[in-house]
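Survey of secondary and tertiary structure
Listed here are the chains, written in short residue letters.
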There are 2 protein chains.
Amino acid sequence: MFQYVLAADLGGTNLRMAVVARDGHIVHRERCSTPRSGDASLIVSTIANLVERCKQYIGSERFIVGIAAPIIMDLAAGRIGTSPNLPMLDGFPLRSEVEKMVGVTTILENDATAAAIGEHWLGASRKIDNSICLTLGTGVGGGLILNGQPHRGPDGTAGEIGHISVEPEGHPCGCGSQGCLEQYSSATAVVRMTRELAINMQSDLAETDDLSAEVIYNAAMNGDKVAILAYGKMGYYLGIALADLINILNPEVIILAGGLAAGWDAFVGETREQVEKRAFRVPATRVKLVRAELGDDAGMLGVASVAFSSIVQGQKGT
Amino acid sequence: MFQYVLAADLGGTNLRMAVVARDGHIVHRERCSTPRSGDASLIVSTIANLVERCKQYIGSERFIVGIAAPIIMDLAAGRIGTSPNLPMLDGFPLRSEVEKMVGVTTILENDATAAAIGEHWLGASRKIDNSICLTLGTGVGGGLILNGQPHRGPDGTAGEIGHISVEPEGHPCGCGSQGCLEQYSSATAVVRMTRELAINMQSDLAETDDLSAEVIYNAAMNGDKVAILAYGKMGYYLGIALADLINILNPEVIILAGGLAAGWDAFVGETREQVEKRAFRVPATRVKLVRAELGDDAGMLGVASVAFSSIVQGQKGT
């Protein structure tokens, strides 16, 4: 019986690890930069290094390792399918390689699914059986909790909400499709749409070099018309996707997580308007649209929860 | 312990009933016209009348009654939410009223969810844990089987696939939204799109008064360009919605049921092309797109299956 999970969040920029106790308490944290060059084995050794640093904080207690990562699973094939932000992981058996190097049981979870599970354990959807968590960041991820259980599907790929089509012949997407939600409701998209709108409209943002979703949010709050329009467009398309999800799944709660959720005031009005127009009345009345409560810890707490509750459905060596 | 379910399929035109045995064998069938005028109590008495006619075929055996109907549920409120094709049922407690009149336990299920359950019991998705059934008819309905169980959601409204947005500012929909799948991939939509296309293009169909999806299908098979384009458009939008569902739910099988599925050869090429372009490779490779096997019996067998397996989740007097 293990007492701790060393839970990693493998992001495109940072690799973080938390020592999580059975009650969800975080005992210790470590952080380093994610290796961006080299091959996948460098990520394995970096995770192993963080494990070594964390181990000293748990004495002689037993532990297992959990990893939340921005990956498309391929559970049946026993490896990662694709990893758009960390392409060296494409097709790599990350779980088994970390397990081999560290010498303890290791589990792997899609980061947005992990966030949904974390929020269900200790955050915005606790004690609620049907919830959807969207991570609005560089991209858009999603995780589903249905009837109290994570829904991963037979390949572990379920919840790819960022790739719902919201504009059938819209902006090309890295996934090979076009008009995906991620192309309109991610931080990357808000910056792109602001640049597009600033070409034809007067805005101080047109001359800003280091444009970010946060800079644009502040401009919107100060009345910049281009910034307001960009966030409005982001909220419009998000509302279309949420209405789809409400009509398909009848969730009780939809949680918005990730850095872009901080722009809530700038987009949520348009999002609610689209949901009200497009979703059926009964499930639209039921669902609560809320912000995440666990911040950056959601993914690590989620993968820890999976480990503690031993609901590692279908993990076959990814 | 009951041995039979008297299973009704309440359609916009016909009200059918089957006497279903525990092994799925249909012992007897009855049929009459659906009352289109008058109030909801006329539907109750018509169902009661079919029950009387069916009862003589089961001797002294016990039975319960099941009803599959084209309704948006409102389980929490204990009644039907809305019923777009039979508006006299809006807000009506059909289940409890039939139960009261007939004197035996009665269950009610959305017709597309019932079709999904029927196909899972005895049809195209038997022994498969994750499947989606679309009914392509006058409208577009949907039912979900996830992890071997019907997913209805807390209000019973889940599976409203016909109201996925496929064209954000597209054709107005009866649900209050616009650009819903139902406005492009239903039999009604194929007729409308054919009329729209025939205005600017040469086609024998322009002078056909009694245009139907079947007439247009035959014209497409005979090389009529307008008919080919209309079915192509129907297949294109269907492919967009299926790619959404594949990315969100990672199903193993998607079943196309309903009258319009008979036009398979005229639309499925375009549908597959959109799925290939828009869905992630791993779940798109997994999923099989197939035609329903149970025809018009799927809904009746589905509601019978719910009764026999006593998985009447959350039925509270609708």
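So, here is what we can say about the structure in this document. These numbers come from a predicted model, not from an experiment.

Conventions adopted
- Residues numbered from 1 in each chain as written.
- Chains lettered and ligands numbered in written order.
- Predicted model: local features only at pLDDT ≥ 70, side-chain atom pairs only at ≥ 80, totals over all residues.
- Heavy atoms only, no water.
- Pairing = 2+ DSSP bridges.
- Helix = DSSP H or I, 4+ residues; strand = E, 2+ residues; numbered from the N terminus.
- Contact = heavy atoms within 4.5 Å.
- Axes fitted to C-alpha atoms, helices over the stretch in contact; angles between N-to-C directions.
- Least-squares fit on C-alpha atoms with pLDDT ≥ 70 in both.
- Buried area = accessible area lost by both parts, 1.4 Å probe.
- Salt bridge = Lys/Arg side-chain N within 4 Å of Asp/Glu carboxyl O.
- Polar contact = N/O pair within 3.5 Å; in protein donor to acceptor, adjacent residues only side chain to side chain.
- Phe/Tyr/Trp six-rings, centres within 6.5 Å; stacked < 30°, edge-to-face > 60°.
- Buried < 20%, exposed > 50% of the residue type's maximum accessible area, 1.4 Å probe, protein only.
- Lys NZ or Arg CZ within 6 Å of the ring centre and 35° of its normal.
- Parallel < 35°, antiparallel > 145°, perpendicular 65-115°, else oblique.
- Left-handed = near helix turned anticlockwise from the far one by under 90°.
- Nonpolar A, V, L, I, M, F, W, Y, C, P; charged D, E, K, R; others polar.
- Disulfide = S-S within 2.5 Å.
- Expected span 1.5 Å × (residues − 1).
- Core = buried A, V, L, I, M, F, W, Y, C linked by side-chain atoms within 4.5 Å.

For the rest of this paragraph, the subject is the sheet that holds strand β12 (residues 288-291) of chain A. Residues and elements named next belong to chain A. Strand order across the open sheet formed by five strands is β10-β9-β8-β11-β12, with mixed pairing between neighbours. A single partner strand is all that each edge strand has here, and the edge strands are β10 (149-150) and β12. As defined by bridge partners, strand β11 (residues 253-257) adjoins β12 across four bridges and the pair is classed as parallel. The residue bridging I254 from the neighbouring strand is L289, located in β12. Helix α8 (residues 264-278) contacts β8 (131-136), β11 and β12 of the sheet and is inclined by roughly 170 degrees relative to β12.

Let us now look at the relation of the copies chain B and chain A. The transform that puts chain B on chain A rotates by 180 degrees and translates by 0.0 Å along the axis, for an RMSD of 0.0 Å. Both copies of the chain, as the preceding transformation shows, are related through a two-fold rotation axis. Mapped onto chain A, 100% of the interface residues of chain B are again interface residues, and the two copies thus contact each other with one and the same surface.

Before going further, it helps to examine the interface of chain B and chain A. Contact with chain B, which involves 44 residues of that partner, is made by 44 residues of chain A. Here chain B meets chain A over a buried area of about 4,000 Å², counting both sides, of which 53% is carbon and sulfur. Counting the surface chain B buries against chain A, the share from its top three residues, I248(B), R278(B) and F280(B), is 17%. Scanning the region where chain B abuts chain A turns up four salt bridges. Here R286(B) and D155(A) are joined by a salt bridge, their closest N and O atoms 2.6 Å apart. Applying the counting criterion to the chain B and chain A interface returns 26 residue pairs in polar contact (both at pLDDT 80 or more). Counting residues per element, the ones that place at least two in the side of chain B that touches chain A are β5 (72-74), β9 (140-146), α7 (225-249), α8 (264-278) and α9 (281-286) of chain B. The biggest single contributor to the side of chain B that touches chain A is α7(B), with seven residues.

Right, let's talk about the packing of aromatic side chains for a bit. According to the stated counting rule, one finds 12 aromatic pairs over all chains in the structure shown. Considering the side-chain rings of Y184(B) and Y237(B), the 4.3 Å spacing of their centres and the 35 degrees angle between planes classify their relative orientation as tilted. With Y184(B) in helix α4 (residues 182-185) and Y237(B) in helix α7, this pair connects stretches of sequence that are 53 residues apart. Owing to a relative accessible area of 6%, Y184(B) belongs among the buried residues under this scheme. Both rings, one in Y217(B) and one in Y231(B), keep their centres 6.1 Å apart while their planes meet at 75 degrees; by these two values the pair is edge-to-face. Linking Y217(B) in helix α6 (residues 213-221) with Y231(B) in helix α7, this pair joins segments that are 14 residues apart in sequence. Neither residue differs from the other here; Y217(B) and Y231(B) are each classed as buried. Clustering of aromatic rings is evident, with ring pairs tying together F2(A), W121(A) and F308(A). In this structure, R22(B) packs its charged tip against the face of F2(B), placed 5.1 Å from the ring centre. Positioned above the aromatic ring of Y184(B) is the side chain of R192(B), whose terminal nitrogen or guanidinium carbon lies 5.7 Å from the ring centre.

Helices that pack against each other are described as a pair by the angle of their axes relative to one another and the distance between those axes. Residue and element names in this part refer to chain A. It is at 9 Å that the axes of helix α1 (residues 40-55) and helix α2 (residues 94-102) come closest, and there the two elements cross at 45 degrees. Judged on the interaxial angle alone, α2 and α1 are oblique. In the packing of α1 onto α2, the handedness of the crossing is right-handed. Touching I43, V44, S45, I47, A48 and V51 of α1 are L94, E97, V98, M101 and V102, all from α2. Split by residue class, the contact of α1 with α2 holds nine nonpolar, one polar and one charged.

Here the focus is the pattern of salt bridges. Two side chains of opposite charge can pair, provided their charged atoms sit close to one another. Tallying each qualifying case throughout the model produces 22 salt bridges over all chains. The salt bridge involving R95(A) is made with E99(A); its shortest N-O contact spans 2.8 Å. Of this pair, R95(A) and E99(A) both sit in helix α2, four residues apart, roughly one helical turn. In this structure R95(A) comes out as buried when scored by relative accessible area, which is 12%. Overall, E99(A) belongs to the partly exposed group, its relative accessible area being 26%. One salt bridge connects E169(B) with R278(A), and the closest N-O pair in it is separated by 3.6 Å. Here the residue E169(B) occupies a position in the loop between β10 (149-150) and α4, and R278(A) occupies one in helix α8, the pair thus bridging two chains. Given the relative accessible area of 3%, R278(A) is considered buried.

Time to look at the environment of I255(A). Along the chain, I255(A) turns up in strand β11. The sequence separation of I255(A) and A115(A) amounts to 140 residues, and the corresponding C-alpha distance is 9.8 Å.

On to the state of the cysteines, then. Counted according to the given criterion, the structure contains zero disulfides over all chains. The thiol of C32(A) is not disulfide-bonded; the next cysteine sulfur, from C54(A), is found 10 Å away.

Here strand β2 (residues 14-21) of chain B runs beside strand β3 (residues 26-33) of chain B; their pairing, made up of seven bridges, is antiparallel. Within β3(B), the residue paired with N14(B) across the bridge is S33(B).

Our next topic: the sheet that holds strand β11 (residues 253-257) of chain B. All names here are of chain B. Strand order in the open sheet formed by five strands is β10-β9-β8-β11-β12, and the pairing between neighbours is mixed. Unpaired on one side and paired on the other, β10 and β12 (288-291) mark the two borders of the sheet. On the sheet, helix α3 (residues 111-122) packs against β8 (131-136), β9, β10 and β11 and is oriented at approximately 45 degrees with respect to β9.

Along the chain, the position of S177(A) falls in the loop between β10 and α4 (182-185). Excluding residues that lie within four positions of it along the chain, S177(A) makes contacts with P172(A), K277(B) and R278(B).

Each α-helix turn comprises 3.6 residues. Residues three or four places apart therefore point the same way. Residues and elements named next belong to chain A. Here helix α7 (residues 225-249) contains 25 residues, and its C-alpha end-to-end distance of 35 Å stays within 8% of the 36 Å for a straight helix at 1.5 Å per residue. The element α7 is largely enclosed, with a buried count of 20 among its 25 residues. The distance from a side-chain oxygen at the start of α7 to the backbone nitrogen of V226 is 3.0 Å, and the residue carrying that oxygen is D224. The first or second residue beyond α7 is N250, which carries a positive phi of 50 degrees.

In this section: the pairing of β11(B). Residue and element names in this part refer to chain B. Counting buried positions along β11 yields five of five residues, so the element is predominantly enclosed. Judged by which residues are buried, β11 turns out to be covered on both faces: V253, I255 and A257 on one side and I254 and L256 on the other are all buried. Bridge count between β8 and β11: five bridges; the pairing is parallel. Counted as the bridge partner of C133 is I255 from β11.

What follows covers the nonpolar core. In this structure, L134(A), L249(A), L256(A), L134(B), L249(B) and L256(B) are the most contacted members of the largest nonpolar core, which totals 97 residues. Ignoring sequence-local partners within four residues, the contact set of L134(B) consists of V140(B), G141(B), G142(B), I161(B), L181(B), L238(B), L242(B), L245(B), I254(B), I255(B), L256(B) and A257(B).

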